[in-house]
There are 2 protein chains.
Amino acid sequence: MNAAAIAPRPAQGLDLPRPYLLFLGDADDTGFLKTGLGLRDWAPDLCVAEYKCDGARASLGLPVLRPADAYRAGARALVLSVASIGGAIAPPWIPYIVEALEAGLDIISGAHDRLAEEPCLRAAAERLGRRLIDVRVPPPGLPIASGKPRTGKRLLTVGTDCALGKKYTALALAAAFRGRGLAADFRATGQTGIMIAGSGIPIDSVVSDFVAGAAEKLSPDADPGHWDVIEGQGSIFHPSYAGVSLGLLHGSQPDILVLCHAHGRDRIMGLPDYPLPSIGEAVDLSLQLARRTNAAVRCAGVSLNTAGLSADEAEALIARRSREWQLPVADPMRGGPSFERLVDACLG
Amino acid sequence: MNAAAIAPRPAQGLDLPRPYLLFLGDADDTGFLKTGLGLRDWAPDLCVAEYKCDGARASLGLPVLRPADAYRAGARALVLSVASIGGAIAPPWIPYIVEALEAGLDIISGAHDRLAEEPCLRAAAERLGRRLIDVRVPPPGLPIASGKPRTGKRLLTVGTDCALGKKYTALALAAAFRGRGLAADFRATGQTGIMIAGSGIPIDSVVSDFVAGAAEKLSPDADPGHWDVIEGQGSIFHPSYAGVSLGLLHGSQPDILVLCHAHGRDRIMGLPDYPLPSIGEAVDLSLQLARRTNAAVRCAGVSLNTAGLSADEAEALIARRSREWQLPVADPMRGGPSFERLVDACLG
């Protein structure tokens, strides 16, 4: 899988300055770098370098450049590439962001908090004539969901938890569908996906009454053979975000679910009192809830995040889990025959 | 049940002008008059009269007064007491609302659309020095849900559909709990409940990421014997609003669910392609989802809306359904021994 396989689509109301310097904040764990990982893997041509707070241990493996050097290397925006709980802009980040503004970079954020609501940033941007761009602002006029069936085909990635591969899986499947000559669009529902794709709806920023309606709008009526491959959000098992996930599930009316799971994770990330469901429980409940708006929905298989394993270990694990779970299992980041079988199962 | 049994609590940031003239818009069906019905039944002392568009057929059975006459009778605010799909302010209502402003009334709305965003209303209010008050504005600073267990006891009303008695049931149960000498608070999650109670969080207006967190904040840690009786919203079976309902369910961490259903309703209101679940299905799925944040949750019974039946018919129906569903069944609006048994089951 690579970014070149993702066909460019026109941005809807976005005009992002590019390329990017990726800001990693004070993260010590790459698990918090969803935005940065997504951009590095799916839009590598847009990623000039990374930059972070002094002492932070997480890295994307990109060259490290200070903002002034990144500007000289071509960068035109600092992308906040680290998720903090709730999407807030952490105070320790602010001097680093101001430094970027002073170096000539605009700022792009996918956080809930508006950049301009931080007085230091607003003042610096105004003083320097720089832009503060919030990707996580839903479009106006979203409808209440109608529940009416739509034409075309839809696939939604769902998960046993957050931050384990729902976006990557959707990007990889959309690319694979196109690789087989099918019409397919990746439909972004989160800030990173929107930065990669150039359009989409930040679903977790939508007022709750309109989430299912936003999902309906995101994957509208289409040709019978067309696929919308929709980026899932959260998990119906996550005590903080399950409502977001269910609204997206109902509004997407998926024909196909692909369940995403991370090998070795047995607790909700950040909430150790919450065990993950078994794969069987997750498939059953996801299908039960999804049938409410599409009685024909089925689960094509499991996207298993095997990061940290060797190629041989991953291949053996995928084969073992596929027998155990009685479903096609693949790691889309590794591709290979198991991934082709998962694609077959989606289309079959 | 009556409003006097609801102990007054101080408003949180609200200072609503009272009493009210209830505006019914162009509604032809009392099913759209949730706000008006709630105020009439639970805050009758606040309801001076009703007013509506020419030709509209719905009525709350209150005296009909034009705004100028209502002002002379003591009214100080026009309450928009009709729900339109999505919470919009319908254009045909505007001249009637302007008439109320001219008569000296402030305007109170529970719609998603801000009153001041309607240019005609804003101009009239500014010209006349009147207030436009939006009840459906969530408080700032809502947290992401933590999923941590809280002290005290919680009851949540859930439903097979919207608009069938979740608020009434919660009000009636909170009053009954207090009638038995228990400490109990009604926790409002919708605009009408907030207008009645003077505080609460309009849960369907909260950005989706924060819905479960808002529910956690709405029913905070309390004394072990204290009950929060939480007004449910929507239905996990409603294709437009299930995500709201699930976020509220998870964040509320209820010990007790009371399932609300309307006799004779077999389709989602306004969405005839969507059948309602059976009571058994609704109880099972509600409990399955609720167990994620409170493993000890149980369903105490069914609140059955028997509006339109005679007293004898309702009593016979309630007895029959209780045998059929193997659960306590009562219509809180009618009270009586079956309702006392439902209260027993909640507390037992």
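Residues numbered from 1 in each chain as written. Chains lettered and ligands numbered in written order. Predicted model: local features only at pLDDT ≥ 70, side-chain atom pairs only at ≥ 80, totals over all residues. Heavy atoms only, no water.

**Comments concerning the interface of chain A and chain B**
Note: interface size is frequently given as the accessible area lost on complex formation between the parts.
Point 1. Contacts between the two partners involve 39 residues from chain A and, on the opposite side, 39 residues from chain B.
Point 2. Summing the contributions of chain A and of chain B, the shared interface buries around 3,100 Å²; its carbon and sulfur component is 55%.
Point 3. Among the residues of chain A in contact with chain B, Ser208(A), Asp209(A) and Arg292(A) are the three that bury the most area, contributing 22% of the side total.
Point 4. Connecting chain A to chain B are 16 residue pairs in polar contact (both at pLDDT 80 or more).
Point 5. Listed by contribution, the elements that provide at least two residues to the side of chain A that touches chain B are α7 (211–218), α8 (242–252), β11 (271–275) and α9 (279–290) of chain A. (Contact = heavy atoms within 4.5 Å. Buried area = accessible area lost by both parts, 1.4 Å probe. Polar contact = N/O pair within 3.5 Å; in protein donor to acceptor, adjacent residues only side chain to side chain. Helix = DSSP H or I, 4+ residues; strand = E, 2+ residues; numbered from the N terminus.)

**Focus: the state of the cysteines**
Residues and elements named next belong to chain B.
Point 1. Summed over all chains, the structure comprises 0 disulfides over all chains.
Point 2. Among the cysteines around Cys-162, which has no disulfide bond, Cys-260 carries the closest sulfur, lying 12 Å off.
Point 3. For Cys-299, which is in no disulfide, the shortest distance to another cysteine sulfur is to Cys-346 and amounts to 8.8 Å. (Disulfide = S-S within 2.5 Å.)

**Quick look at the confidence of the model for chain A**
Predicted coordinates in regions of low pLDDT should not be interpreted in detail.
Point 1. Mean pLDDT over chain A stands at 92; residues scoring 70 or higher make up 94%.
Point 2. A low-confidence stretch, residues 1–13 of chain A stays under pLDDT 50, and its non-local contacts, those more than four residues away or across chains, total 26 contacts. (pLDDT = per-residue confidence, 0-100.)

**Focus: the relation of the copies chain A and chain B**
Point 1. Take chain A, turn it by 180 degrees, move it 0.0 Å along the axis, and it overlays chain B with an RMSD of 0.0 Å. Such a combination of turn and shift is consistent with a two-fold rotation axis.
Point 2. Comparing interface residues between copies, 100% of those in chain A also sit at the interface in chain B, which points to an isologous, same-surface contact. (Least-squares fit on C-alpha atoms with pLDDT ≥ 70 in both.)

**So, unusual backbone geometry**
Point 1. For the peptide bond that leads from Arg18(A) to Pro19(A), omega is -5 degrees, which places it in the cis range.
Point 2. Structurally, the position occupied by Pro19(A) is in the segment before β1 (20–23).
Point 3. Here Gln253(B), not a glycine, exhibits a phi torsion of approximately 50 degrees, which is positive.
Point 4. Summarising the element assignment, Gln253(B) is placed in the loop between α8 (242–252) and β9 (256–262).
Point 5. For Gln253(B), a relative accessible area of 4% gives the class buried. (Buried < 20%, exposed > 50% of the residue type's maximum accessible area, 1.4 Å probe, protein only.)

**Focus on the domain arrangement of chain A**
Residues and elements named next belong to chain A.
Point 1. Looking at chain A, the domain boundaries give domain 1 (17–134) and domain 2 (153–347).
Point 2. Here the C-alpha centre of domain 2 lies 27 Å away from the C-alpha centre of domain 1.
Point 3. Facing the 15 residues of domain 1 at the interface are 13 residues of domain 2.
Point 4. When domain 1 packs against domain 2, close to 1,300 Å² is buried across both sides, 64% of that on carbon and sulfur atoms.
Point 5. Per-residue buried area on domain 1 facing domain 2 is highest for Lys-34, Trp-42 and His-112; these three make up 42% of the total on that side.
Point 6. Along the contact surface separating domain 1 from domain 2 lie 4 residue pairs in polar contact (both at pLDDT 80 or more). (Domains from an automatic or database assignment.)

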